[in-house]
Amino acid sequence: DVKVTQSSRYLVKRTGEKVFLECVQDMDHENMFWYRQDPGLGLRLIYFSYDVKMKEKGDIPEGYSVSREKKERFSLILESASTNQTSMYLCASTPPSRNTQYFGPGTRLTVL
Amino acid sequence: AQKVTQAQTEISVVEKEDVTLDCVYETRDTTYYLFWYKQPPSGELVFLIRRNSFDEQNEISGRYSWNFQKSTSSFNFTITASQVVDSAVYFCALSSYSGAGSYQLTFGKGTKLSVIP
């Protein structure tokens, strides 16, 4: 079975804090993705990675960075969290040259 | 540019009614894939179906069926005899190749389905 896990289901941080959201998949997938989901806006792609140490910007990368040091782990970093980054964050992965994305349970981040 | 439109923001039906969720897409690609995902209140997106642009056969899986019509750029999803457990947000998505063996998905904004007992 496909398994994508995210480090926290709920997270509360303060403005200006550095925030790490972790995503791990155990299926040896090459491609991993980070999205944010907001009411009325659907899912928007922040960053994706198609290999270790490789990253590509999605549609809304501003205010975020990512890290992929190992194939199974893809981290989303908020260098200095702001209230407009309060959102649901979803991680996904796919095998190489395949396009069905499998999602983790999501992290609901609140920035106060 | 890829675009997916789910015009229905919210739908409410009474249990056992049939309901159709609409999805219209735009793409210049000749080969593409379409998807439906379900997001129950727990939050995790669950993959339901993938369809490629060369296969216009309708698909049925239990109470779920999908109608793909290339002529109208639509990929609609019907739930027959709806149940309370079908209450969720449903997303339609379209894939595009982004290089290096990687595909991106463009999602619609979702349709929230509420099934009332």
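For clarity, every value in this text was computed on a predicted model and none was experimentally measured.

Overall, the coordinates contain 21 aromatic pairs over all chains when judged by the stated rule. Ring geometry for F33(A) and Y35(A): centres 6.4 Å apart, planes at 25°, overall stacked. With a relative accessible area of 0%, F33(A) lands in the buried category. Given the relative accessible area of 1%, Y35(A) is considered buried. Both rings, one in Y35(A) and one in F103(A), keep their centres 5.7 Å apart while their planes meet at 40°; by these two values the pair is tilted. With a gap of 68 residues between them, Y35(A) in strand β4 (residues 31-38) and F103(A) in strand β10 (residues 102-103) connect regions that are remote in the sequence. The two residues Y35(A) and F103(A) agree in class, both being buried. Pairwise contacts between aromatic rings join F33(A), Y35(A), F48(A), Y102(A), F103(A), F35(B), Y37(B), F47(B), F91(B) and F107(B) into one cluster.

Counting residues at the interface gives 22 residues for chain B and 23 residues for chain A. For the pairing of chain B and chain A, the buried interface totals around 1,800 Å² over both sides, and the portion due to carbon and sulfur atoms is 55%. Contact with chain A buries surface across chain B, with Y103(B), Q104(B) and K109(B) losing the most and accounting together for 25% of the total. Seen at the junction of chain B and chain A, the total is zero salt bridges. Counting the contacts that link chain B with chain A gives four residue pairs in polar contact (both at pLDDT 80 or more). In terms of residue count, strand β11 (residues 102-107) of chain B provides more of the side of chain B that touches chain A than any other element does, five residues in total. Grouping the amino acids of the side of chain B that touches chain A by side-chain chemistry returns ten nonpolar, nine polar and three charged.

Here we come to the nonpolar core. Generally speaking, soluble globular proteins have nonpolar side chains that are buried together. Residue and element names in this part refer to chain B. Of all hydrophobic cores here, the largest spans 23 residues; its most connected members are W36, F77, Y90 and L113. Taken together, the elements giving at least two residues each to this core come down to β2 (10-14), β3 (19-21), β5 (33-39), β8 (64-69), β9 (74-79), β10 (88-99) and β12 (111-116). By residue number, the principal contributor to this core is β10, which donates four residues. Not counting the four nearest positions on each side in its chain, Y90 is found in contact with Q6, L21, W36, Y37, K38, L48, Y64, F77, I79, G110, T111 and L113.

This paragraph deals with unusual backbone geometry. Most peptide bonds take the trans configuration, and most residues that are not glycine carry a negative phi. All names here are of chain B. For K16, which is not a glycine, the phi torsion comes out positive at approximately 85°. One non-glycine residue, S73, lies in the positive phi region at around 50°. Inspection of the secondary structure puts S73 in the loop between β8 and β9.

Here the focus is the sheet that holds strand β7 (residues 65-70) of chain A. Residue and element names in this part refer to chain A. Ordered in space as β1-β3-β8-β7, the four strands form an open sheet in which the pairing is antiparallel. On the outer flanks of this sheet lie β1 (4-6) and β7, each paired with one strand and no other. Taking each pair of neighbouring strands and ignoring which way they run, the sheet shows an average axis angle of 20°. Strand direction decides the pairing type here: strand β3 (residues 19-25) and strand β8 (residues 73-78), joined by six bridges, are antiparallel.

Evaluation of the coordinates by the stated rule reveals ten salt bridges over all chains. One salt bridge connects E69(A) with K53(A), and the closest N-O pair in it is separated by 2.5 Å. One end of the pair, E69(A), is in strand β7; the other, K53(A), is in the loop between β5 (42-49) and β6 (56-57), and 16 residues separate them in sequence. Taken as a pair, E69(A) and K53(A) share a single burial class, namely exposed. Notably, a salt bridge pairs R51(B) with D55(B), separated by 3.3 Å at the nearest N-O pair. A relative accessible area of 8% means that R51(B) is categorised as buried.

So, on to the pairing of β12(B). Residue and element names in this part refer to chain B. With burial as the criterion, only one face of β12 is covered, namely that bearing T111, L113 and V115; the residues K112, S114 and I116 on the opposite face remain uncovered. Strand direction decides the pairing type here: β2 and β12, joined by five bridges, are parallel. Within β12, the residue paired with V14 across the bridge is I116.

About the thresholds
- Residues numbered from 1 in each chain as written.
- Chains lettered and ligands numbered in written order.
- Predicted model: local features only at pLDDT ≥ 70, side-chain atom pairs only at ≥ 80, totals over all residues.
- Heavy atoms only, no water.
- Phe/Tyr/Trp six-rings, centres within 6.5 Å; stacked < 30°, edge-to-face > 60°.
- Buried < 20%, exposed > 50% of the residue type's maximum accessible area, 1.4 Å probe, protein only.
- Helix = DSSP H or I, 4+ residues; strand = E, 2+ residues; numbered from the N terminus.
- Contact = heavy atoms within 4.5 Å.
- Buried area = accessible area lost by both parts, 1.4 Å probe.
- Salt bridge = Lys/Arg side-chain N within 4 Å of Asp/Glu carboxyl O.
- Polar contact = N/O pair within 3.5 Å; in protein donor to acceptor, adjacent residues only side chain to side chain.
- Nonpolar A, V, L, I, M, F, W, Y, C, P; charged D, E, K, R; others polar.
- Core = buried A, V, L, I, M, F, W, Y, C linked by side-chain atoms within 4.5 Å.
- Pairing = 2+ DSSP bridges.
- Axes fitted to C-alpha atoms, helices over the stretch in contact; angles between N-to-C directions.

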